[in-house]
Amino acid sequence: MNEISVIGGGSWATALVKILTENDIMVNWYLRRAEQALSITKNGVNPDYLSFLKLDNTKIYASDQLDMIVARSKVILFVVPSAHLDHVCEAIPKKDMSGKFVMTAIKGTVGPDNLLPSAFIARYFELTDLQQAIIAGPCHAEEIARSKKTYITLCGSNESVIQKISKGFASAYMQVHYSADMIGVEYAAIYKNVVGIVCGMAEGLHYGDNFMAVLVANAIDELGLLLQAVGLPNSRLGNSTYLGDLLVTGYSKHSRNRKFGHYLGQGFSVFEARGLMGMVAEGYYATKGIMNTVSSLGLNMPLLQTAYRVLYNHMAAKDEFKLLERNIR
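Procedures and definitions
Residues numbered from 1 in each chain as written. Predicted model: local features only at pLDDT ≥ 70, side-chain atom pairs only at ≥ 80, totals over all residues. Heavy atoms only, no water. Buried < 20%, exposed > 50% of the residue type's maximum accessible area, 1.4 Å probe, protein only. Helix = DSSP H or I, 4+ residues; strand = E, 2+ residues; numbered from the N terminus. Right-handed = clockwise from strand over helix to strand, strands pointing away. Pairing = 2+ DSSP bridges. Salt bridge = Lys/Arg side-chain N within 4 Å of Asp/Glu carboxyl O. Phe/Tyr/Trp six-rings, centres within 6.5 Å; stacked < 30°, edge-to-face > 60°. Lys NZ or Arg CZ within 6 Å of the ring centre and 35° of its normal. Contact = heavy atoms within 4.5 Å. Axes fitted to C-alpha atoms, helices over the stretch in contact; angles between N-to-C directions. Core = buried A, V, L, I, M, F, W, Y, C linked by side-chain atoms within 4.5 Å. Disulfide = S-S within 2.5 Å. Left-handed = near helix turned anticlockwise from the far one by under 90°. Nonpolar A, V, L, I, M, F, W, Y, C, P; charged D, E, K, R; others polar.

### A word on the pairing of strand S6 (residues 132-136)
- For S6, the tally of buried residues reaches five of five residues, placing the bulk of the element in the interior.
- Of the two faces of S6, the one carrying Gln-132, Ile-134 and Ala-136 and the one carrying Ala-133 and Ile-135 are both buried.
- Each parallel crossover has a hand, and for strand S5 (residues 101-104) linked through helix H5 (residues 117-125) to S6 it is right-handed.
- Summarising the sheet, S6 and strand S7 (residues 150-155) pair through three bridges and their orientation is antiparallel. Bridge pairing links Ala-136 to Thr-153 in S7.

### Topic: the pattern of salt bridges
- One pass over the structure, following the stated rule, counts 13 salt bridges.
- Asp-113 is paired through a salt bridge with Arg-123; the nearest N and O atoms lie 3.2 Å apart. Of this pair, Asp-113 sits in the loop between S5 and H5 while Arg-123 sits in helix H5; the two residues are ten residues apart in sequence, bridging distant segments of the chain.
- In this structure, Glu-320 engages Arg-309 in a salt bridge whose closest nitrogen and oxygen atoms are separated by 2.5 Å. One end of the pair, Glu-320, is in helix H15 (residues 317-327); the other, Arg-309, is in helix H14 (residues 302-312), with eleven residues separating them in the sequence.
- Classification of Glu-320 by relative accessible area gives buried; the value is 5%.
- The class of Arg-309 is partly exposed, set by a relative accessible area of 23%.
- Here the salt bridges do not stand alone but share partners, grouping Asp-24, Asp-56 and Lys-59 into one network.

### What about the packing of aromatic side chains?
- Taken as a whole, this structure holds ten aromatic pairs when the rule is applied.
- Relative to Tyr-284, the ring of Phe-260 lies with its centre 6.3 Å away and its plane at 80 degrees, an arrangement referred to as edge-to-face. Residue Phe-260 is found in helix H11 (residues 256-265), and its partner Tyr-284 is found in helix H13 (residues 282-297); the two are separated by 24 residues along the sequence.
- Looking at Phe-260, the relative accessible area reads 1%, which means it is buried.
- Here the guanidinium or amino end of Arg-72 rests over the ring plane of Tyr-61, the centre of that ring lying 3.9 Å away.
- The ring of Tyr-124 has Lys-94 lying over it, and the distance from NZ or CZ to the ring centre is 4.6 Å.

### Notes on H14
- The buried fraction of H14 is high, at nine of eleven residues.
- Where the residues of H14 are buried, they touch helix H8 (182-204), helix H9 (209-229), H11, helix H12 (270-277), H13 and H15.
- In the segment just after H14, His-314 is the residue with positive phi, at about 60 degrees.

### Quick notes on the sheet that holds strand S4 (residues 75-78)
- Here we have eight strands laid out as an open sheet, ordered S3-S2-S1-S4-S5-S6-S7-S8, and mixed in their pairing. Strands with a single pairing partner mark the edges of an open sheet, and in this sheet they are strand S3 (60-63) and strand S8 (174-179). When the angles between neighbouring strand axes are averaged without regard to direction, this sheet yields 20 degrees.
- Across the face of the sheet, helix H2 (residues 34-43) comes into contact with strand S2 (26-30) and S3 while running at roughly 155 degrees to S3.

### Digging into the nonpolar core
- Counting 53 residues, the largest nonpolar core has Tyr-191, Leu-215, Phe-260 and Leu-264 as the members making the most contacts within it.
- Residues in contact with Leu-215, not counting those within four places in the same chain, are Val-198, Cys-199, Ala-202, Leu-303, Phe-321, Leu-324 and Ile-328.
- Judged by nonpolar contacts, the second largest core, of 39 residues, contains Ala-15, Ile-40, Val-79 and Tyr-173.

### Section: unusual backbone geometry
- Here Ser-147, not a glycine, exhibits a phi torsion of approximately 60 degrees, which is positive.
- On the basis of relative accessible area, Ser-147 is assigned to the partly exposed category, the value being 34%.
- The phi angle at His-314 is positive, at roughly 60 degrees, despite the residue not being glycine.
- Looking at where His-314 falls in the secondary structure, it is placed in the loop between H14 and H15.

### With respect to the state of the cysteines
- Using the criterion set out here, one finds zero disulfides in the structure.
- Of all cysteine sulfurs in the structure, the one in Cys-155 sits closest to Cys-89, which takes part in no disulfide; the separation is 19 Å.
- Classification of Cys-89 as buried rests on a relative accessible area of 0%.
- The closest cysteine sulfur to the non-disulfide-bonded Cys-155 is located on Cys-139, 11 Å from its own sulfur.

### Focus on the packing of H8 against H13
- At their nearest, the axes of H8 and H13 sit 8 Å apart, and the two run at 115 degrees to each other. In this structure, H8 crosses over H13, and the sense of that crossing is left-handed. The segment H8 lies against H13, with Tyr-187, Ile-190, Tyr-191, Asn-193, Val-194 and Ile-197 engaging Glu-282, Gly-283, Tyr-284, Ala-286, Thr-287, Ile-290 and Thr-293.
- The residue inventory of the contact of H8 with H13, partitioned by class, reads eight nonpolar, four polar and one charged.

Okay, structure coming up:
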């Protein structure tokens with residue numbers, strides 16, 4: 001692989017573009033705003049996200065013309081908020097995706113059917129399993145931007161293609177692994193954002209490390225329960241792709257979901273907390289999508305239910321946590 005099209009202009013997309021260009025991959029980059037694309041073309045700087053980072057703009061073709069960006073590469077990487085994925089896909093003629101290999105780095109469910117991003121894209125563009133992969137793992141964009149040691153996992157059933165693509169993401173500070181458990185990893189990547197919000201609420205409510213450890217232990221049990229219910233009982237939950245991603249989202253200062261939850265724990269309303277964030281916290285959407293799935297499966301997941309009641313029933317975090325205290329072990 002020597003060329004890839006990246007769809008999305010946020011922090012995570014910017015970090016992935018950094019990795020690819022450092023490996024001499026030509027990146028065709030779709031950004032929603034023309035001003036954003038122009039800044040990257042002229043200065044190698046994304047003015048809206050990770051603006052301290054200087055990108056190699058000699059290896060970037062940036063544009064706000066989505067159809068043009070899609071046409072330029074055989075490999076397409078979607079890095080947009082889950083809430084916007086359906087609208088982005090609708091703007092791409094289905095014939096233009098024929099024969100493409102599609103990757104996603106999205107951590108939320110999509111549309112009224114609460115589909116996994118890979119499932120939504122496969123259905124919309126009529127892709128086979130061999131045409132898809134996902135990127136996951138405990139990796140904050142801010143640390144990749146500063147070349148901090150990071151482990152990521154590329155997941156999918158087409159191992160030969162994925163191994164070739166993985167070379168574009170590997171470096172002295174990026175360690176890349178392969179997994180065939182695409183669905184399990186995708187569910188884990190979505191659920192960990194819910195956990196990040198709950199951990200943030202606990203911090204905002206001044207719970208200590210002892211209680212936080214109990215939260216995270218219960219979270220990994222809930223994830224196991226969910227994966228078993230959707231037919232994936234053999235996922236290795238102790239692996240960094242599952243537990244590691246959950247831990248970094250629950251504990252890291254870089255976690256936007258944790259920050260969002262912190263505001264809620266401090267007593268801000270959902271509307272106020274979203275305004276203070278200035279960016280999308282994927283866990284907000286993920287909570288509703290996963291809750292719908294869990295309800296249909298008849299599962300009892302107290303952490304998820306706590307997040308849902310605070311976010312969508314507008315219950316006070318301090319009251320919900322008193323109930324949560326009695327429902328976890």
